[in-house]
Amino acid sequence: MIVKKGNFWALLPLIIFILVYFSASTYLNDFYSVPALVVFMLALVIAFVQFPKISFNTKAEAFCKNAGEETIVLMILIFLLAGAFGSLGSTIGAVESTVNLFLNYLPASFIVSGFFLLSCFISTALGTSVGTIVTVAPIAVQMDKMIPGSMPILLGAVVGGAMFGDNLSFISDTTIAATRTQEVSMKSKFKTNFRIVVPAAIVSAIIYFSLSQHFDTTNFQGKQLDFDLILVLPYLLVFGIAMSGINVIWALIVGILSFLGIGLFYSGASMLELVSSINEGFKGMFELSIICLVIGGIVGIIRLNGGLDFIIYHLTKNIKTKRQAEISIASLTALANACLANNTITILICGKIAKDISDHHDLEGKRVASILDTVSCFVQGILPYGAQVLAAVAAANAVSSVTKVSSIDVLSNLYYPFLTGICTLIFILFFQPKSSKKID
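Residues numbered from 1 in each chain as written. Predicted model: local features only at pLDDT ≥ 70, side-chain atom pairs only at ≥ 80, totals over all residues. Heavy atoms only, no water.

1. Quick word on the overall build of the protein
What the protein contains, in helices and strands, is 20 helices and zero strands. Since a compact globule built from 440 residues should have a radius of gyration of about 22 Å, the 22 Å found for the protein is in line with a globular shape. When the backbone C-alpha atoms are referred to their principal axes, the protein occupies close to 70 × 50 × 45 Å. By the burial criterion, 55% of the 440 residues in the protein qualify as buried. Side-chain charges of the protein comprise 26 positive and 24 negative groups, with the mean position of each set lying 12 Å from the other. (Helix = DSSP H or I, 4+ residues; strand = E, 2+ residues; numbered from the N terminus. Rg over C-alpha atoms; globule rule 2.2 N^0.38 Å. Buried < 20%, exposed > 50% of the residue type's maximum accessible area, 1.4 Å probe, protein only. Lys, Arg positive; Asp, Glu negative; His and termini not counted. Charge placed at Lys NZ, Arg CZ, Asp CG, Glu CD.)

2. Focus: the confidence of the model for the protein
Chain-level statistics for the protein give a pLDDT mean of 85 and a share of 94% at 70 or above. No element of the protein has a lower mean pLDDT than helix 18 (residues 387–399), at 76, and none a higher one than helix 20 (residues 416–430), at 95. Below a pLDDT of 50 lies the segment residues 436–440, which in the model reaches 11 contacts outside its immediate sequence neighbourhood of four places, other chains included. (pLDDT = per-residue confidence, 0-100. Contact = heavy atoms within 4.5 Å.)

3. Remarks on the side chain of Ser113
Mapping Ser113 onto the fold places it in helix 6 (residues 111–126). Here Ser113 falls in the buried class, since its relative accessible area comes to 0%. There is a polar contact of 2.6 Å between the side chain of Ser113 and the backbone oxygen of Ala205. Those residues within four positions of Ser113 in sequence are excluded, and the remaining contacts are Ala205, Tyr208 and Phe209. (Polar contact = N/O pair within 3.5 Å; in protein donor to acceptor, adjacent residues only side chain to side chain.)

4. Considering helix 3 (residues 56–67)
With 12 residues, helix 3 extends 16 Å between its outermost C-alpha atoms, agreeing within 8% with the 16 Å of an ideal straight helix rising 1.5 Å per residue. All of the buried residues in helix 3 are Lys59, Ala60, Ala62, Phe63, Asn66 and Ala67. For helix 3, the angular spread of the buried residues around the axis is 160°, confining them to a single face. Of the exposed residues in helix 3, those oriented more than 90 degrees away from the buried face are Asn57, Glu61, Cys64 and Lys65. Packing partners of the buried residues in helix 3 comprise helix 2 (36–49), helix 4 (70–91) and helix 13 (271–304). (Expected span 1.5 Å × (residues − 1). Arc of directions from axis to C-beta.)

5. Describing a nonpolar patch on the surface
Together, Ile230, Leu233, Leu236 and Tyr266 make up a nonpolar patch on the protein surface, roughly 370 Å² of accessible area in all. Structurally, the position occupied by Leu233 is in helix 11 (residues 229–243). (Patch = residues over 30% accessible without salt bridge, like charges linked within 9 Å, V, L, I, M, F, W, Y side chains within 5 Å. Areas by Shrake-Rupley, 256 points an atom, 1.4 Å probe, with all protein chains shown as cover. Salt bridge = Lys/Arg side-chain N within 4 Å of Asp/Glu carboxyl O.)

6. So, the side chain of Asn193
Summarising the element assignment, Asn193 is placed in helix 10 (residues 186–211). With residues up to four places along the chain from it excluded, the contact list for Asn193 reads Asn167, Leu168, Ser370, Asp373 and Thr374.

7. Let's talk about the nonpolar core
One recurring pattern in soluble globular proteins: nonpolar side chains tend to sit buried together. Counting residues in hydrophobic clusters, the biggest one holds 137 residues, and the most contacted among them are Phe40, Phe115, Leu155 and Leu252. Contacts of Leu155, omitting those with residues within four sequence positions, involve Ala137, Val141, Ala392, Ala396, Val405 and Val410. (Core = buried A, V, L, I, M, F, W, Y, C linked by side-chain atoms within 4.5 Å.)

8. A closer look at the environment of Pro234
Position of Pro234 relative to the elements: it lies in helix 11. Note on Pro234: relative accessible area 2%, which makes it buried. Taking the C-alpha atoms as reference, Pro234 lies 8.3 Å from Val254; in sequence the two are 20 residues apart. Filtering out sequence-adjacent residues up to four positions away, Pro234 remains in contact with Phe85, Gly255, Ser258, Phe259 and Ile262.

Encoded structure:
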């Protein structure tokens, strides 16, 4: 396959987006106050105006064709279903019941590791790291009253566990974006990711267990909290169906129907309340869905103008092995995420480029999807201005008026994302497929 040198200036829309988004967010000291969709629309206008020799109709056709790709449309459908599933779980009390189930059987000596594993499970069930942090962090903050000095390390454990779900959950937006852009199944990506992130999670749990042994837990009294196993079952059902190889769309539909049935006939929720919850879940995914369409269209215009050819040519011109090709994808993903502080948007932007590099160098799609996911989550998890760390700090400072924490307090007790980055690098360097050969 011959790769053209491409045209650097075709990347101007993407460059403008990164510069405007990054500079504005830095100026406001908040990476989530700047509406990404508005900045993407600015980038789209620039893409339309560029290269006037190419007709507007041609550019519009490229935009529509790429925005409406099967991959993007299916991705949006999964986003919407995942939003409805997560919203229903919160409405009928399934999230609270799951948290209480763990807390009831959590030994005092295992408190920090227990919160890490609790966050791992919740984030895998919900598919959202920020949602997990908002749910679990306030409980972790309250533990500081019974175990003085535990708040920073507990928040680090919660954030680390929350990032685990972004790596493995079948309904995480990062997982959906990574698998759809690389056109691989959830199951195959899960198995590859499992090999990378589970060692990181095990080591993290051991570290937290070791560090928490000096805490005074004499005031920790395990209170019997209300929980209901039936409310937890839909999470296990969705996970099991997805793992069986059935399309995640069907898994989510079954999960939604399960929550509806439990809500109506077991929890006593009204149909209107449940339907409204589904609608709220859809609403939560609307902006991300539109961003998917716009990014797909912009990438189509950039491709038309030679921008993707330029990136691929310069990223791969000195590549001799598949290992080097994977490192180039990981490096691009890490740089983009550091600039954008949003792992989902990072994967949406880098996914198409990664797919082209993968096709050119005959990489395994499941490996590329896993690299996109783990690298973006690794960088996202260690950013002091990332949503996950900021959410933990905000939750802590909102609940506790006495003990205040900062992003640095959380980061200094955060191990899982760093270990994920190390495990991903080891995976790329030392666990190449047996067929990995030099590229001609």
